[in-house]
Protein chains: 2
Amino acid sequence: MHVHLGNALAEASAIGVPRSDLEALDERVAAAAARIEAGRERSEHGYAALNLPKNTETGPIEAAVDAIRPAETLVTIGIGGSALGAATITSALDGDGDTRFLDNVDPAQTRTLLADLDLSTTAVNVVSRSGTTAETLANFLVVRDALTDAGVDWTDRTIVTTGQSGPLRTLSERHDLPVLEVPTGVPGRFSALSAVGLVAAAFEGLDLDAILEGGQTAAESLSDSLFESPAYAYGTTMYALEERGASIAAMMPYAEVLEPFAEWFSQLWAESLGKDGRGQTPARALGVTDQHSQLQLYRAGPTDKVVTLVRPRERLSVPIPETELDALSYLGGRDLRTLMDAEFEATEASLRKAGLPTIRIEIDSLDAEGIGELLYTMEAACIMAGELADVETFTQPAVEWGKETARSLLRGEQTLDETGDLVVAADPEPDDGDPG
Amino acid sequence: MHVHLGNALAEASAIGVPRSDLEALDERVAAAAARIEAGRERSEHGYAALNLPKNTETGPIEAAVDAIRPAETLVTIGIGGSALGAATITSALDGDGDTRFLDNVDPAQTRTLLADLDLSTTAVNVVSRSGTTAETLANFLVVRDALTDAGVDWTDRTIVTTGQSGPLRTLSERHDLPVLEVPTGVPGRFSALSAVGLVAAAFEGLDLDAILEGGQTAAESLSDSLFESPAYAYGTTMYALEERGASIAAMMPYAEVLEPFAEWFSQLWAESLGKDGRGQTPARALGVTDQHSQLQLYRAGPTDKVVTLVRPRERLSVPIPETELDALSYLGGRDLRTLMDAEFEATEASLRKAGLPTIRIEIDSLDAEGIGELLYTMEAACIMAGELADVETFTQPAVEWGKETARSLLRGEQTLDETGDLVVAADPEPDDGDPG
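Here the structure is a predicted model, which means the values were calculated and not measured.

Draft legend 1. Layout of the domain arrangement of chain A. Residue and element names in this part refer to chain A. As assigned here, chain A comprises domain 1 (2-39 + 214-389) and domain 2 (50-206). One C-alpha centre belongs to domain 1, the other to domain 2; they are set 30 Å apart. Taken together, the contact pairs 26 residues of domain 1 with 17 residues of domain 2. When domain 1 packs against domain 2, close to 1900 Å² is buried across both sides, 68% of that on carbon and sulfur atoms. The interface formed by domain 1 and domain 2 includes one salt bridge.

Draft legend 2. Seen up close, the pairing of strand 5 (residues 158-162) of chain A. All names here are of chain A. Of all five residues that make up strand 5, five are buried, and the element is covered over most of its length. Residues T158, V160 and T162 of strand 5 are buried on one face, and the alternating residues I159 and T161, pointing to the opposite face, are buried as well. Of the pairings in the sheet, the one linking strand 4 (residues 122-128) to strand 5 comprises five bridges and is parallel in character. Pairing of V126 across the sheet is with V160, part of strand 5. Pairing of strand 5 with strand 6 (residues 179-181) involves three bridges; the strand directions are parallel. Residue pairing across strands places T161 opposite L180, the latter belonging to strand 6. Regarding topology, helix 7 (residues 167-175) serves as the crossover connection from strand 5 to the parallel strand 6, and that connection is right-handed.

Draft legend 3. Structural detail: the relation of the copies chain B and chain A. Expressed as a screw operation, the relation of chain B to chain A combines 0.0 Å of axial shift with a rotation of 180°, fitting to an RMSD of 0.0 Å. Look at the turn and shift together and you get a two-fold axis relating the two. When C-alpha positions in chain B are compared against the rotation axis, the closest is assigned to A283 of chain B, at 2.6 Å. Take the interface residues of chain B: 99% of them recur as interface residues in chain A, which is what a same-surface contact looks like.

Draft legend 4. A look at a negative patch on the surface. Residue and element names in this part refer to chain A. Residues E62, D66, D207, D209, E213, E314, D364, D367 and E369 make up a contiguous surface patch of negative charge. Residue assignment for the negative patch shows that the elements contributing at least two residues are helix 3 (58-67) and helix 9 (208-220). By the element assignment, D207 lies in the loop between helix 8 (195-203) and helix 9. The exposure class assigned to D207 is partly exposed, which follows from its relative accessible area of 43%.

Draft legend 5. A look at the pattern of salt bridges. All names here are of chain A. In this structure the tally under the stated criterion is 44 salt bridges over all chains. One salt bridge in this structure joins E263 and R284, with 3.8 Å as the shortest N-O distance. With E263 in helix 11 (residues 259-273) and R284 in strand 8 (residues 281-284), this pair connects stretches of sequence that are 21 residues apart. Of the charged contacts in the structure, one is a salt bridge between R311 and E345, with a shortest N-O distance of 3.1 Å. Of this pair, R311 sits in strand 9 (residues 305-312) while E345 sits in helix 13 (residues 336-353); the two residues are 34 residues apart in sequence, bridging distant segments of the chain. Take R311: its relative accessible area is 8%, and that puts it in the buried class. According to the relative accessible area criterion, E345 is partly exposed, its value standing at 25%. One salt-bridge network, held together by shared partners, links R311, R313, R315, D341, E345, E348, R360 and E362.

Draft legend 6. How the structure looks around helix 6 (residues 134-149) of chain B. All names here are of chain B. Between its terminal C-alpha atoms helix 6 stretches 23 Å, which fits the 22 Å expected from 16 residues at 1.5 Å a residue. Across the 16 residues that make up helix 6, a large majority, 13, are buried. Remark: G151 follows helix 6 within two positions and exhibits a positive phi of approximately 80°.

Draft legend 7. Spotlight on the side chain of S293 of chain A. With respect to the helices and strands, the residue S293 of chain A is situated in the loop between strand 8 and helix 12 (295-300). Only 2.7 Å separates the side chain of S293 of chain A from the side chain of Q294 of chain A, close enough to count as a polar contact. If we skip the residues at most four places from it in the chain, S293 of chain A touches S266, Q267, A270 and E271 of chain B.

Draft legend 8. How the structure looks around the interface of chain B and chain A. Facing 142 residues of chain B, the contacting portion of chain A comprises 141 residues. Note on chain B versus chain A: buried area summed over both sides is about 11800 Å², and carbon and sulfur give 61% of it. Sorting the residues of chain B by area buried against chain A places H292, Q296 and L410 of chain B first, and these three jointly supply 7% of that buried surface. Our count for the contact surface shared by chain B and chain A stands at four salt bridges. Put simply, R144 of chain A and E324 of chain B hold a salt bridge, and the shortest N to O gap is 3.0 Å. Between the two partners, chain B and chain A, sit 41 residue pairs in polar contact (both at pLDDT 80 or more). Of all the elements, helix 13 (residues 336-353) of chain B adds the most residues to the side of chain B that touches chain A, at 13 residues.

Draft legend 9. Layout of the packing of aromatic side chains. In the structure shown here, the tally under the stated rule is 14 aromatic pairs over all chains. In textbook terms, an aromatic cluster arises when at least three aromatic residues are bridged by ring pairs, as seen for Y47, F190 and F394 of chain A. Its guanidinium or amino end placed over the ring of W154 of chain A, R144 of chain A lies 4.8 Å from that ring's centre, counting from NZ or CZ. Sitting over the ring of Y330 of chain B, R411 of chain A keeps its end group 4.4 Å from the ring centre.

Draft legend 10. Inspection of the nonpolar core at higher detail. Ranked by internal contacts, the top residues of the largest apolar core, which has 112 residues, are Y298, V307 and L331 of chain A together with Y298, V307 and L331 of chain B. In this view, L331 of chain B contacts A134, L137, A138 and L410 of chain A together with I320 and L339 of chain B; residues no more than four positions away in its chain are not counted. One finds A33, A195, Y239 and L375 of chain B within the second-largest nonpolar core, a separate group that totals 98 residues.

Procedures and definitions
- Residues numbered from 1 in each chain as written.
- Chains lettered and ligands numbered in written order.
- Predicted model: local features only at pLDDT ≥ 70, side-chain atom pairs only at ≥ 80, totals over all residues.
- Heavy atoms only, no water.
- Domains from an automatic or database assignment.
- Contact = heavy atoms within 4.5 Å.
- Buried area = accessible area lost by both parts, 1.4 Å probe.
- Salt bridge = Lys/Arg side-chain N within 4 Å of Asp/Glu carboxyl O.
- Buried < 20%, exposed > 50% of the residue type's maximum accessible area, 1.4 Å probe, protein only.
- Helix = DSSP H or I, 4+ residues; strand = E, 2+ residues; numbered from the N terminus.
- Pairing = 2+ DSSP bridges.
- Right-handed = clockwise from strand over helix to strand, strands pointing away.
- Least-squares fit on C-alpha atoms with pLDDT ≥ 70 in both.
- Patch = residues over 30% accessible without salt bridge, like charges linked within 9 Å, V, L, I, M, F, W, Y side chains within 5 Å.
- Areas by Shrake-Rupley, 256 points an atom, 1.4 Å probe, with all protein chains shown as cover.
- Lys, Arg positive; Asp, Glu negative; His and termini not counted.
- Charge placed at Lys NZ, Arg CZ, Asp CG, Glu CD.
- Expected span 1.5 Å × (residues − 1).
- Polar contact = N/O pair within 3.5 Å; in protein donor to acceptor, adjacent residues only side chain to side chain.
- Phe/Tyr/Trp six-rings, centres within 6.5 Å; stacked < 30°, edge-to-face > 60°.
- Lys NZ or Arg CZ within 6 Å of the ring centre and 35° of its normal.
- Core = buried A, V, L, I, M, F, W, Y, C linked by side-chain atoms within 4.5 Å.

So this is what it looks like as structure tokens:
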């Protein structure tokens, strides 16, 4: 894996980082790296995530998946970090078997999914550390009922992935369900390389050990200098760019199957670093598609972004046939992968020409090792950025108020105050007040 | 349709807009509205988009779709505005038939799609105004070849949607293909309510006239005051918020099927308004899922955003079964839609409490009229924001350099200059230079 920083430096962009600043930061990186290593050794909350590749046992994961066979479809019911890691891995890698995700409480989505499934061959993996996540549990209750209505014994078809206690743990004990552990001390968004991220991968027959080996390779490349560690190079440069005005972190993989990776990154970055009035806002993009959507803004809008361009060095070959249309003759006989790589390089160059900082991340190929390495690298980068910014990387206190309010509203214990809203209606109704 | 502005005002947020500022802006809105009306009357470039609902003839669209029957799958080959409108409409509405999109040049995506299709019952709609878009034409050449290899006469199964001249126009004439017009004077990102956005909808049997009627309803609600027009209320408030520091426009629909709408909005907003060193950066989010991903940042990060919350007023009912688990008893007997709406309201309230401006958009329901109205409203809002910001809303000059560079690279006419890149490699290679 390679992290190319050249286009994030001061010679490339007005908000780029002077080399001398990076060199000066390297002392703080060394101190932060020591803090991280100490946290890992003591398996402290959050830092424990960086030990996952070594500590994750794949045997119980494979056994749980075997227990719900011969199911042909696995629905992962979870939300946020309980779904995104698994979705990222199964999308990026080419497995067998049908895996789906129920990660919202939109009744239309749940209804559509249920209508689309053959329930007689469907199993579920319900994922919630606390065992109380409202969205996840509500969906689980609905799907469990549907399985029962379809004549399926849901206890033969349910894996539970949860913490050491809570309602889901109780349920698994009462019904003797296969249960996997959400690792202690690992926040959901850092749990991709544990059972949380790997059950769906196992169901698809993917090589869990190779994924974890990729993570371990990344773990071994951590060092006390940003100039020797891709993860710390990325995290430090992103931190330095934010300090210089890059308040937006666009993540733009050039591989369709990495779109969920961009979403996973968005959660990792936003929820870990969005604190104390700071934190870059992730913007998900997809190359080359979003060249036709976001590139105009990136090049001609405010210089307040860094764009991370991700690509695999190896791609499938799909030759472009020769054509009778003269204007297109330059395409004929080429290959889609050549076109995609040309667009990658042209976009990178065009952003540099526009003075916007970019960072290029290349993985050798989109295989199990490559994905494990990529996910671990981003997690370690995020932790480094959090150390340098001096925020509490592993908590998410600001979402609690909303969760409690939603629960109160649902219980009918609370109603929201009148906010004096100003409404402009195409079809004004009396109870919406005066649009003026 | 209702646009609720109360939480975007100064009493709700430090970067909110004082009511007096909105009142003062209303004079400029009147002038801009007059400019827009004049542009519509003369069908000027761009402004012509606002006449689409009336000017779009659905007969030729239906006829073109009939001509490629009995195909059971329609692949739209297009990129950016040539795909996003169609994807938004078919995702939002519940049609029959199988529609797919090929909107990237990732060889793995193209290969996977081809492997997944029954080519004997597949048709394509190739969409490019110029008829020269490299990504679209390359994919078309590949798919056309695959159809031929599968023994299908591609000329029986191809709709062309293009401008009045160019290679695709030539092709359609040579092979007598059904051809639809990309309307003159309408940029791709404003073309959802034309053949560009409606062919896939017609293939799914959706009610094109109802979609256009919804657009027309929105057209009729334009006025010379922001206080009387939802579209201009939204566009003006977004403009005023950008002036006050909301450099990020998060678009967060609370409906899974509106995820492509958030992408469509992102293109519309970024490519139209990202100019002259200004323009909000769109961030796509999805309620409730991204509460578990982005909400921490929105609440506790920088106050540099406005979050647009979109929801339908009507939802399907999916009851949540009663449960034996005590801790979850507050869920049992409720409904997924009640949960989703409680989360919507709690999130809105929690953002207000955190001092971040939000705008709530409500459509009556996710039906053909509602979607037509929503798309038109956002287009008109964008045009108003562009008038107030005094940018060239309808051009995208900054993407041209990259396109030409990609073409030159592909033709081998050009190589990129050495950028003096700084590379940090886990497995350093000699040709990547010194990471120090």
